[in-house]
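Residues per chain, in single letters:
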Amino acid sequence: MSNHVYLVDDDEAVRDALTLLLETVGLNVRSFASPETFLNQAAGFTPGCLILDIRMPAISGLKLQEKLTDQGITWPTVVISGHGDIEACRRAFRNGAIDFLSKPVDEHDLIDAIQKGHAELERQQQVLAERAEAVALVNGLSAREQEVLGMIAKGLTTKQIADALGLSPRTVESHRAAIAAKAGTSSAAELTRYWLDAQVDP
């Protein structure tokens with residue numbers, strides 16, 4: 001599980017205090033005084049949990065969330081603020097925040113939120129790994145095997161697939177056997193999952 005934390009807050013005292021706290025519990029913390037600095041470097045960072053101050057000059061924490069999403073970075077985010085209000089909280093959660101904490105931040109609440117964020121990040125990475133595996137499997141099939149797999153995913157029987165493709169049932173069974181060998185399973189449910197995962201744009 002990742003232990004990376006990225007803290008973006010224009011208040012130096014807050015950055016120093018939270019960095020010290022989180023490093024004492026074994027987290028790898030990088031802090032940034034401005035959203036622009038973080039935004040310019042984020043694409044090269046190892047995925048981790050974000051801690052964003054909601055009110056900063058030029059780019060707010062909420063706007064930074066949106067800009068990161070535009071870059072395809074959807075890491076779990078904890079939003080902190082000394083001026084929190086209901087609408088800001090709603091926007092933060094709509095943008096994908098996992099928690100919204102008021103300053104002064106409670107240490108235990110923050111650590112709990114980060115742990116939740118890292119668990120969510122692990123889940124996201126597992127989903128991406130499964131999609132990548134499915135795409136590799138489907139791309140490794142012949143064009144005809146892909147056709148057959150797509151019809152298996154629609155719930156068609158061997159006879160229905162044969163009729164639809166103008167093939168004999170025995171030929172369809174041969175294709176099914178080849179697909180099962182490449183996928184490591186003959187389960188229609190598992191094959192359907194592979195097919196559906198491969199269709200999803202990461």
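These numbers were taken from a predicted model, which means no experiment stands behind them. (Residues numbered from 1 in each chain as written. Predicted model: local features only at pLDDT ≥ 70, side-chain atom pairs only at ≥ 80, totals over all residues. Heavy atoms only, no water.)

Some remarks on the nonpolar core
In this structure, Leu22, Ile51, Val78, Leu110 and Ile114 are the most contacted members of the largest nonpolar core, which totals 19 residues. For this core, the secondary structure elements donating two or more residues are β1 (4–8), α1 (12–24), β3 (49–53), β4 (77–81), β5 (97–102) and α5 (107–139). With residues up to four places along the chain from it excluded, the contact list for Ile114 reads Val5, Leu22, Leu27, Cys49 and Ile51. With 18 residues, the next largest nonpolar core counts Ile152, Ile161, Ile179 and Ala198 among its residues. (Core = buried A, V, L, I, M, F, W, Y, C linked by side-chain atoms within 4.5 Å. Buried < 20%, exposed > 50% of the residue type's maximum accessible area, 1.4 Å probe, protein only. Helix = DSSP H or I, 4+ residues; strand = E, 2+ residues; numbered from the N terminus. Contact = heavy atoms within 4.5 Å.)

Digging into unusual backbone geometry
Cis geometry marks the peptide bond from Lys103 to Pro104, where omega comes out at -5°. Note that Pro104 resides in the loop between β5 and α5.

Some details on the packing of aromatic side chains
For the structure on display, the rule yields six aromatic pairs. Judged by centre distance (5.1 Å) and plane angle (10°), the rings of Tyr6 and Phe45 are stacked. Residue Tyr6 is located in strand β1, and its partner Phe45 is located in the loop between α2 (35–41) and β3; the two are separated by 39 residues in the primary sequence. Residue class for Tyr6 comes out buried when judged on its relative accessible area of 2%. These aromatic residues form a ring-pair network of at least three members: Tyr6, Phe32, Phe38, Phe45 and Trp75. The ring of Tyr194 carries the charged tip of Arg193 above its face, separated from the ring centre by 4.8 Å. (Phe/Tyr/Trp six-rings, centres within 6.5 Å; stacked < 30°, edge-to-face > 60°. Lys NZ or Arg CZ within 6 Å of the ring centre and 35° of its normal.)

All quantities given are derived from atomic positions and should not be read as evidence of function.
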